[in-house]
Amino acid sequence: MPVELKNVLKVVDPCGLTYFLGTLTPKDIRRLTFVPVVNLTERKDSTLFLIEKPGGYQRTGDSRRMDVIRDFVKRRPDCLIPPVVLSARGKWEFTPISKQYERFGSIQAQEVAAIIDGQHRLGGLLRLLNDDEVEENLKSRPIPFMTVEDMDEDRERQEFVDINYNQQGVKKSLIHYLNREDNFYGKAATALMEDEESPFKGRIDSETRHPWTLILFGAAKECVDEMFGKNMRRSRKFNPEVDKSLEEQGIEFVLEYWRAVQDCFPEQWSDIDLMPALREKTSKDKPGRSKFKYRLLEETGIRAFSRLADNLLHRAWHDAIRQPSFDTIRRYLTELATRDNVKKALTKPDEAILKWDPELRYAGKAGVTAIYDHLASELELITL
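By convention here, each chain's residues receive numbers from 1 onward along its written sequence. Restriction of local features to residues with pLDDT of at least 70 applies here, the model being predicted, together with a cutoff of 80 or more for giving and counting side-chain atom pairs; totals for whole chains, interfaces and linings are based on all residues. Hydrogens and waters are ignored; side-chain quantities use all the structure's heavy atoms.

### Describing the overall build of the protein chain
To keep things clear, this is the line we draw: Runs of H or I in DSSP of at least four residues are treated as helices and runs of E of at least two as strands, each being numbered from the N terminus. Whether two residues are in contact is decided by their heavy atoms, any of which lying within 4.5 Å being enough. Throughout, the Shrake-Rupley method with a 1.4 Å probe supplies accessible areas, and for residues the shown protein chains are the sole cover considered. In this count, Lys and Arg are taken as positive residues and Asp and Glu as negative ones, while His and the chain termini are left out. The location of each charge is read from NZ of Lys, CZ of Arg, CG of Asp or CD of Glu.
A count of helices and strands for the protein chain gives 16 helices and 13 strands. When its C-alpha atoms are laid out on the principal axes, the protein chain stretches across 85 × 50 × 30 Å. Counting contacts in the protein chain only where the partners sit at least 6 residues apart, residues at least 24 apart contribute 68% of the total. Working note: accessible area of the protein chain is about 19700 Å², and carbon and sulfur atoms make up 47% of it. Here the protein chain contributes 61 positively and 64 negatively charged side chains, and the mean placements of these two sets differ by 3 Å.

### Considerations on the packing of aromatic side chains
Heads up, the rule is: Here is the rule: rings of Phe, Tyr and Trp (six-membered ring for Trp) pair when centre to centre is within 6.5 Å. Planes less than 30 degrees apart are stacked, more than 60 are edge-to-face, and the remainder are tilted. Categorising residues by exposure relies on relative accessible area from a 1.4 Å probe, with only protein chains included: less than 20% of the type maximum marks a residue as buried, more than 50% marks it as exposed, and the intermediate range marks it as partly exposed. Ring-over charges, as used throughout, are those where CZ of Arg or NZ of Lys falls within 6 Å of the ring centre and within 35 degrees of the ring normal.
Overall, the coordinates contain 14 aromatic pairs when judged by the stated rule. Between Phe20 and Phe94 the ring centres are 5.9 Å apart and the planes differ by 10 degrees, which places this aromatic pair in the stacked class. With Phe20 in strand E2 (residues 18-24) and Phe94 in strand E6 (residues 92-96), this residue pair connects regions lying 74 residues apart in the sequence. Phe20 sits in the buried class, given a relative accessible area of 0%. Taking 5.9 Å as the distance between ring centres and 90 degrees as the angle between the ring planes, the aromatic pair formed by Trp92 and Phe145 counts as edge-to-face. With Trp92 in strand E6 and Phe145 in strand E9 (residues 143-148), the pair connects residues that are 53 residues apart, well separated along the chain. Judged by its relative accessible area of 2%, Phe145 is buried. Members of the aromatic cluster, joined through ring pairs, are Phe184, Tyr185, Phe228, Phe238, Phe253, Trp317 and Phe326. Positioned above the aromatic ring of Phe49 is the side chain of Arg127, whose terminal nitrogen or guanidinium carbon lies 4.7 Å from the ring centre. Above the plane of the ring of Tyr372 lies Arg307, whose end atom (NZ or CZ) is 5.4 Å from the centre.

### A closer look at the pattern of salt bridges
The test is simple: For this document, the term salt bridge refers to a Lys or Arg side-chain nitrogen within 4 Å of an Asp or Glu carboxyl oxygen.
On inspection of all chains with the given rule, the structure shows 30 salt bridges. Measuring nitrogen to oxygen at the nearest pair gives 2.9 Å for the salt bridge that ties Lys74 to Glu133. Within this pair, whereas Lys74 is found in helix H2 (residues 63-75), its partner Glu133 is found in the loop between helix H3 (119-126) and helix H4 (136-139), the two being separated by 59 residues in sequence. By relative accessible area, which is 65% here, Glu133 ends up exposed. Glu153 is paired through a salt bridge with Arg89; the nearest N and O atoms lie 3.5 Å apart. Here the residue Glu153 occupies a position in helix H5 (residues 153-164), and Arg89 occupies one in the loop between strand E5 (84-87) and E6, the gap between them amounting to 64 residues. Each of Glu197, Glu256, Arg259, Asp263 and Arg330 takes part in salt bridges that share partners, so that together they form one network.

### Concerning the packing of helix H10 (residues 247-264) against helix H12 (residues 299-315)
For the record, the criterion: Here the axes come from fitting lines to C-alpha atoms, over the contacting stretch only for helices, and the angles between their N-to-C directions go from 0 to 180 degrees. Put simply, angles under 35 degrees are roughly parallel, angles over 145 are roughly antiparallel, angles from 65 to 115 are roughly perpendicular, and the rest are oblique. Crossing handedness follows the turn of the near helix against the far one: under a right angle anticlockwise gives a left-handed crossing, and clockwise gives a right-handed one.
Where H10 meets H12, the closest approach of the two axes is 11 Å, and the angle between their N-to-C directions is 115 degrees. Our classification of the angle between H10 and H12 gives roughly perpendicular. Handedness of the crossing formed by H10 with H12: right-handed. Contact with H10, carried on its side by Tyr257, Trp258 and Val261, involves Ile302, Phe305, Ser306, Leu308, Ala309 and Leu312 of H12 and no other residues of that element.

### Overview of the confidence of the model for the protein chain
Selection criterion: Confidence scores per residue from the predictor, reported as pLDDT, run from 0 to 100.
Looking at the protein chain as a whole, its pLDDT mean stands at 91, while 95% of the residues score no less than 70. The lowest-confidence element of the protein chain is helix H6 (residues 172-178), averaging 67 in pLDDT; the highest-confidence one is helix H11 (residues 266-269), averaging 98.

### Concerning the sheet that holds strand E8 (residues 113-117)
Note on sheets: strands pair through backbone hydrogen bonds, and any given pair is parallel or antiparallel. Applied cut-off: Two strands make a pair as long as DSSP finds a minimum of two bridges between them.
Here nine strands make up an open sheet; going across it, the order is E4-E3-E8-E5-E9-E2-E1-E7-E6 and the pairing mixed. Each having just a single partner strand, strand E4 (52-58) and E6 make up the two edges of the open sheet. Strand-to-strand, the axes of this sheet are offset by a mean angle of 45 degrees, without reference to chain direction. As paired elements, E5 and E8 share three bridges and run antiparallel to each other. Paired with Leu86 across the two strands is Ile115, which belongs to E8. H3 rests against E2, strand E3 (33-37), E4, E5, E8 and E9 of the sheet, and its axis sits at about 115 degrees to E8. The sheet contacts of H5 involve E4, E5 and E8, and relative to E8 the element is tilted by about 25 degrees.

### Some words on the environment of Pro26
For Pro26, the position within the fold is in the loop between E2 and helix H1 (29-32). As a C-alpha pair, Pro26 and Ser306 span 280 residues in sequence and 49 Å in three-dimensional space. Beyond its immediate stretch of four places on either side in the chain, Pro26 contacts Leu125, Leu126, Leu129, Leu138, Lys139, Ser140, Arg141 and Ile143.

So, in structure tokens, the structure goes:
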């Protein structure tokens, strides 16, 4: 059944967009809006959360942020609430009050509108309804909205990115994930995240580092970038970011390389057995990343091996067929796995290891460089 909104102003933008400006109340939120999320979230009490629909572009709402907004409005019932931005997707029908005042009238909302900006505001205000301490007049407080009449989902997604890119509340990893089809690195990182033959399948997340997650999508994308460094781009003239015809082949190189690392470093890769199953919490038997014995599956290790890939792909390259020999790469990796210095560099540092190389104490870029330097140095000593 359609929901009616009165006292709505219709504005036609010279650039071609049509807006509806008006207000809704906390009681209207679930009847009029939804969040187009990347993935649905399991909720115990759905009445406390906005309606979600999968396959979209929004991150999952942060319950704590919603509580903060609810509590703030309770303390400051006269606070200013910035307008939320919605997309009606052509499902809201405007009726003017008269021909004389054709820009002012009412809306018949046939379906819920997508929330482009303001899900935490709406989520927090929705929670006022279930709060016994909140007076009835606050549960009916007007919430200003700006609704775009008809916008396709690709444009919605781009507007979401434009609005949120420089805001702290939206993680850059989600932005990278939303733009994953725009470049080779995003497509290859998606393959690492989703391909059935990827050793990282299910262990990369678009925005949240869950107990079962190894790295975020943004880091995976940067790792792919490292794999095709100056050796591959300049010396071998293999740059799938520039030459789109090389994308499919480049993605296969990425997947094949990480399968080789998994197979050739079984002891260090065994840390994966400490990770909980997908969508499960940590436990005594599956304590997760904090109990890793080695650094290979830590983000620093993954980044170091990604940087090493540029060397290995280059060394094993055959110009005649324009691709590397992965048999050769596996032989290099197998030999590296036997080297004492490599074993020490990949072991979680204790006093003895830090005395051997104090730089291994670091995470971040310094930690990546410390691990990579040992890998690269030992690689130089290997003759096949």
